[in-house]
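Per-entry structural report
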Amino acid sequence: MAASGRKTTTNTMPAEESDQLVIRPLGAGQEVGRSCILLEYKGKKILLDCGIHPGMNGLDALPYFDSVQGEIQQLDLLLISHFHLDHCGALPWFLQKTSFKGRCFMTHATKAIYRWILSDYVKVSNIAADKMLYGEKDIEASMDKIETINFHQETEINGIKFWCYNAGHVLGAAMFMIEIAGVKILYTGDFSRQEDRHLMAAEMPNVQPDVLIIESTYGTHIHEPREEREARFTGLVQDIVNRGGRCLIPVFALGRAQELLLILDEYWSAHPELHDIPIYYASSLAKKCMSVYQTYINAMNDKIRKQISVSNPFVFKHISNLKSMDHFDDIGPSIVMASPGMMQSGLSRELFENWCTDKRNGVIIAGYCVEGTLAKHILSEPEEIITMTGQKLPLRCSVDYISFSAHTDYRQTSEFVRLLRPPHIVLVHGEQNEMSRLKAALIREYEDSTDYKIDIYSPRNGQIVELLFRGEKMAKVVGTLAAKHPEQGEKIAGVLVKRNFNYHIMAPYDLPSYTDLNTSTVTQRMSVSYTGSSSRLHYYLNQLSGDVELIPDRQALRVFKAVMVTLESRIAIMEWVANPVNDMYADAVLSVILKAESDSTSVKVQAPVKIDKSHFSECLIELLSDMFGSDCVNPLIRQDKLIMTVDDISAAIDLQSLAVQCEYVKEVVYNRIPLFRCSRDQWHGATILLEDARS
């Protein structure tokens, strides 16, 4: 098993026979956003995620599909890890507006939430209609093309096996294990190995992958302990409202929002002095999304599953839903949790522009921010910002960052790698600097290890990672061939059947039982003009075969026990079951019929001529000398064996059984002299025919 970097090859080997695994990021290569990874191995092509870039609009936000335009219709499979826009935002466009004909899978919870997340994205996008990637009808139509999969459910599509594990990132998030021809690839998507208030930690796969494609969002950063993080968050919120300000918390409609709502509702319940200060969850999807969360309670951690039997933790006592600004009385201190999380548009952007000029107000960024978004920009503490209408506003409100983002930090990533021990790691979903730091740290961690060698790649978008996996091909013997235990050195002959990446050897008559194939028999029939008598034809055929069988009820002759010859009104009709040997017999019989037709001598049926051993040997030597040259045949016969040499390779021909003891020459002789498969009597007849033809 070996790996190599990108290289130019002139290999003409069919893709399904190639040992080369190709991994190519079309998005999320040295960036965060538009996750889309293309896998190619053994002629199979898989796309992992299909997201958009949150900091871009229109076609610019898509992965680099133009670089693989001709390959889209060849894709077998598309797997979506979770419902965040940077992982599924391009899916309606891809399913409805490209030549993709493969199958698309995601978990049940992801599909349920995907529908509403994408609808909200279309509604709040602040771009012209003609630049929109898709509309509501495209989203609706895409739902029919999406299939669902349960966690740990193994599925096979066109020889590709795959199953998924809980990723812990958001509700329904999955890590996919893909197996092609025995090579296993684990794609983590976004994952978290830390349990929070409502989600369980990402599972540890019980299968070691050959390749790990893993996120590198936080690089070498270490998350602060959850208790400290929550205390700092609630302290900041209380400070802002205590000074008479309004607290804006930009979040995505689903994911971290539910975690923060649980924290705030619990904190407000424990502090009666704050009950007069309202908390709003400002999202048009609030009710729909919360119903999905309540439906998939069993996908959450033990704490939530136990609590649901007493009371629904997602029915909040101190939090109200806010559909739009029209329903909001902006009077006095308040806390508003609004989407989207990076404030590109929508309610969070509108509220921020209304509140950013007042120093009493505050913004708490609670998740990861992508380059090019307003949320990322204000973390650099600019003096002013530009509104969506192009107006400049001074930035006077406080801006704080507390990461509740459910991505792995370095400690979690390192532990995950140490437990899985994959030989190859491909880093994706990380800014270039963070990815480089993580790569260097992992290399340092294992550079002195004697029992674990690791290769790490950090490709940019469009850059190809090529890994070589050489595996032994094994064929299983099935059916009647497997009924008997084979002896050492015994040869097994049958039909080799390849299905996807599995090979089986079976008897031809077992094909219908183990495959969709059926065996059939082709009978050939040939009519030849013949005006002679049946006795003459019988005589000549007897000279050829020596075992001509008379079939009285059909007035026919069976030659070589394979070719039936019937005489009907000046026509000789030949019938035989088509196969290479019988076809050769039929050619010989045809020659005899033509010979009998041209011979006007009156003959009568006689007993087969007794074979003269020396005469047979002379005829055989003469025949082989004519075919291969006199230098190739040794005229000295020892122990009934004739020695001949072809291209410096010798073979011994047994004159009794006509067996050839050299496999290579056996193949040559069989191809050049088909009658080698006949009996000795047949050889004698064939030799007489050749001599007659020569004279």
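Our subject in this report is the structure included herewith. These numbers were taken from a predicted model, which means no experiment stands behind them.

Here's the deal with the overall build of the chain
- A count of helical and extended segments in the chain gives 18 helices and 34 strands.
- Here the C-alpha atoms of the chain give a radius of gyration of 40 Å, more than 25% beyond the 26 Å that 2.2 N^0.38 yields for 695 residues.
- Reported as C-alpha extents along the three principal axes, the dimensions of the chain are approximately 130 × 60 × 50 Å.
- Taking all 695 residues of the chain together, the buried fraction comes to 51%.
- Considering only residue pairs separated by 6 or more positions, the chain has 69% of its internal contacts joining residues 24 or more positions apart.
- Looking at the chain as shown, the accessible area adds up to about 32900 Å², and 48% of this sits on carbon and sulfur atoms.

Regarding the sheet that holds strand 29 (residues 556–559)
- Pairing within the open sheet is antiparallel, and its five strands lie in the order 27-31-30-29-28. A strand with exactly one partner marks an edge of an open sheet, and here the two such strands are strand 27 (523–529) and strand 28 (549–551). Neighbour-to-neighbour, the strand axes of the sheet open up by a mean angle of 25 degrees, direction not taken into account.
- In terms of strand pairing, strand 29 meets strand 30 (residues 563–568) through four bridges, oriented antiparallel. In the sheet register, valine 559 faces strand 30, and the bridge partner there is valine 563.
- Seen against the sheet, helix 14 (residues 534–545) touches strand 29 and strand 30 and runs at an angle of roughly 10 degrees to strand 29.
- Here helix 15 (residues 580–598) sits on the sheet in contact with strand 27, strand 29, strand 30 and strand 31 (571–577), set at roughly 170 degrees to strand 31.

Notes on the side chain of histidine 407
- With respect to the element layout, histidine 407 can be found in the loop between strand 20 (398–401) and helix 11 (410–420).
- A polar side-chain atom of histidine 407 sits 3.4 Å from a polar atom in the side chain of threonine 217.
- Dropping the residues within four chain positions of it, histidine 407 is found in contact with His169, Asp190, Phe191, Ser192, Glu215, Thr217, Tyr218, His223, Gln412 and His429.

Looking at the nonpolar core
- Grouped together as the largest cluster of nonpolar side chains are 105 residues, with contacts concentrated most on Leu78, Leu91, Phe94, Phe233, Ile249 and Ile335.
- Ranked by residue count, the leading element in this core is helix 6 (residues 256–270), at eight residues.
- Look past the residues within four positions of phenylalanine 94 in its chain and what remains in contact with it is Leu47, Cys50, Phe65, Ile72, Leu75, Leu78 and Phe100.
- Counting residues in hydrophobic clusters, the runner-up holds 31 residues, among them Val183, Val211, Tyr457 and Phe501.

Considering the pairing of strand 2 (residues 20–27)
- Of all eight residues that make up strand 2, eight are buried, and the element is covered over most of its length.
- The sheet contact formed by strand 2 and strand 23 (residues 465–468) spans four bridges and is antiparallel. What sits directly across from glutamine 20, in strand 23, is leucine 468.
- In terms of strand pairing, strand 2 meets strand 3 (residues 36–41) through five bridges, oriented antiparallel. From the neighbouring strand, glycine 27 faces strand 3, where its bridge partner is cysteine 36.

Details of the packing of aromatic side chains
- Using the criterion set out here, one finds 16 aromatic pairs in the structure.
- Measuring from centroid to centroid gives 4.9 Å for phenylalanine 65 and phenylalanine 94, while their planes differ by 35 degrees, and the two rings are tilted. Note that phenylalanine 65 is positioned in the loop between strand 4 (44–48) and strand 5 (77–79) and phenylalanine 94 in helix 2 (residues 91–97), a separation of 29 residues in sequence.
- Ring geometry for tyrosine 539 and tyrosine 540: centres 5.4 Å apart, planes at 80 degrees, overall edge-to-face. Judged on exposure class, the residue tyrosine 539 and its partner tyrosine 540 are both buried.
- A connected cluster of aromatic rings, assembled from ring pairs, spans Phe65, Trp93, Phe94 and Phe100.
- Residue placement shows lysine 376 over the ring face of tyrosine 368; its charged tip is 6.0 Å from the ring centre.

Re helix 12 (residues 432–446)
- End to end, helix 12 covers 22 Å across 15 residues, agreeing with the expected 21 Å (1.5 Å per residue, within 8%).
- If you check which residues of helix 12 are buried, you get Glu434, Met435, Leu438, Ala441, Leu442 and Tyr446. For helix 12, the buried positions fall inside an angular range of 130 degrees around the axis, keeping them on one side. In helix 12, the exposed positions that point more than 90 degrees away from the buried face belong to Asn433 and Arg444.

Concerning the state of the cysteines
- In this structure the tally under the stated criterion is zero disulfides.
- You can see cysteine 164 has no disulfide; the closest cysteine sulfur is in cysteine 104, sitting 13 Å from it.
- Left without a disulfide partner, cysteine 247 is nearest to the cysteine sulfur of cysteine 397, which lies 10 Å away.

Concerning helix 11
- Buried within helix 11 are the following residues: Tyr410, Gln412, Thr413, Ser414, Phe416, Val417 and Leu420.
- Where helix 11 is buried, its residues meet strand 10 (174–180), strand 11 (183–187), strand 12 (211–215), strand 21 (424–428) and helix 12.
- Just beyond helix 11, the residue with positive phi is arginine 421, at close to 50 degrees.

With respect to the sheet that holds strand 17 (residues 362–365)
- Spatially, 15-14-16-13-17-20 is the arrangement adopted by the six strands of the open sheet, whose pairing is parallel. The outermost strands of the open sheet, each flanked by one partner alone, are strand 15 (319–322) and strand 20. On average, each strand axis in the sheet is tilted by 20 degrees relative to the strand beside it, whichever way the strands run.
- Here strand 14 (residues 279–282) runs beside strand 15; their pairing, made up of four bridges, is parallel. Each residue of the ladder has a partner; that of tyrosine 280, found in strand 15, is serine 320.
- In the packing of helix 6 onto the sheet, contacts are made with strand 13 (246–250), strand 14, strand 15 and strand 16 (334–338), and the angle to strand 16 comes to roughly 160 degrees.

Structural notes on the pattern of salt bridges
- Tallying each qualifying case throughout the model produces 27 salt bridges.
- A salt bridge links arginine 24 to glutamate 71; the nearest nitrogen and oxygen atoms lie 3.6 Å apart. Taken together, the residues arginine 24 in strand 2 and glutamate 71 in the loop between strand 4 and strand 5 connect sequence positions 47 residues apart.
- You can call arginine 24 buried: its relative accessible area is 11%.
- In this structure, arginine 305 engages aspartate 302 in a salt bridge whose closest nitrogen and oxygen atoms are separated by 2.3 Å. With arginine 305 and aspartate 302 both in helix 8 (residues 302–307), this residue pair falls three residues apart, about one helical turn.
- Here the residues in one salt-bridge network are Arg24, Glu40, Lys45 and Glu71, joined through shared partners.

Description of the packing of helix 14 against helix 15
- Relative to each other, helix 14 and helix 15 sit at 140 degrees, their axes nearing to 9 Å. Classified by the interaxial angle, the pair formed by helix 14 and helix 15 is oblique. As helix 14 packs across helix 15, the resulting crossing turns out to be right-handed. Packed against helix 14, whose contacting residues are Arg536, Leu537, Tyr540, Leu541 and Leu544, the element helix 15 presents Ala588, Val589, Val592, Ile593, Lys595 and Ala596 at the interface.
- Partitioning the contact of helix 14 with helix 15 into residue classes produces nine nonpolar, no polar and two charged.

Parameters and conventions
Residues numbered from 1 in each chain as written. Predicted model: local features only at pLDDT ≥ 70, side-chain atom pairs only at ≥ 80, totals over all residues. Heavy atoms only, no water. Helix = DSSP H or I, 4+ residues; strand = E, 2+ residues; numbered from the N terminus. Rg over C-alpha atoms; globule rule 2.2 N^0.38 Å. Buried < 20%, exposed > 50% of the residue type's maximum accessible area, 1.4 Å probe, protein only. Contact = heavy atoms within 4.5 Å. Areas by Shrake-Rupley, 256 points an atom, 1.4 Å probe, with all protein chains shown as cover. Pairing = 2+ DSSP bridges. Axes fitted to C-alpha atoms, helices over the stretch in contact; angles between N-to-C directions. Polar contact = N/O pair within 3.5 Å; in protein donor to acceptor, adjacent residues only side chain to side chain. Core = buried A, V, L, I, M, F, W, Y, C linked by side-chain atoms within 4.5 Å. Phe/Tyr/Trp six-rings, centres within 6.5 Å; stacked < 30°, edge-to-face > 60°. Lys NZ or Arg CZ within 6 Å of the ring centre and 35° of its normal. Expected span 1.5 Å × (residues − 1). Arc of directions from axis to C-beta. Disulfide = S-S within 2.5 Å. Salt bridge = Lys/Arg side-chain N within 4 Å of Asp/Glu carboxyl O. Parallel < 35°, antiparallel > 145°, perpendicular 65-115°, else oblique. Left-handed = near helix turned anticlockwise from the far one by under 90°. Nonpolar A, V, L, I, M, F, W, Y, C, P; charged D, E, K, R; others polar.

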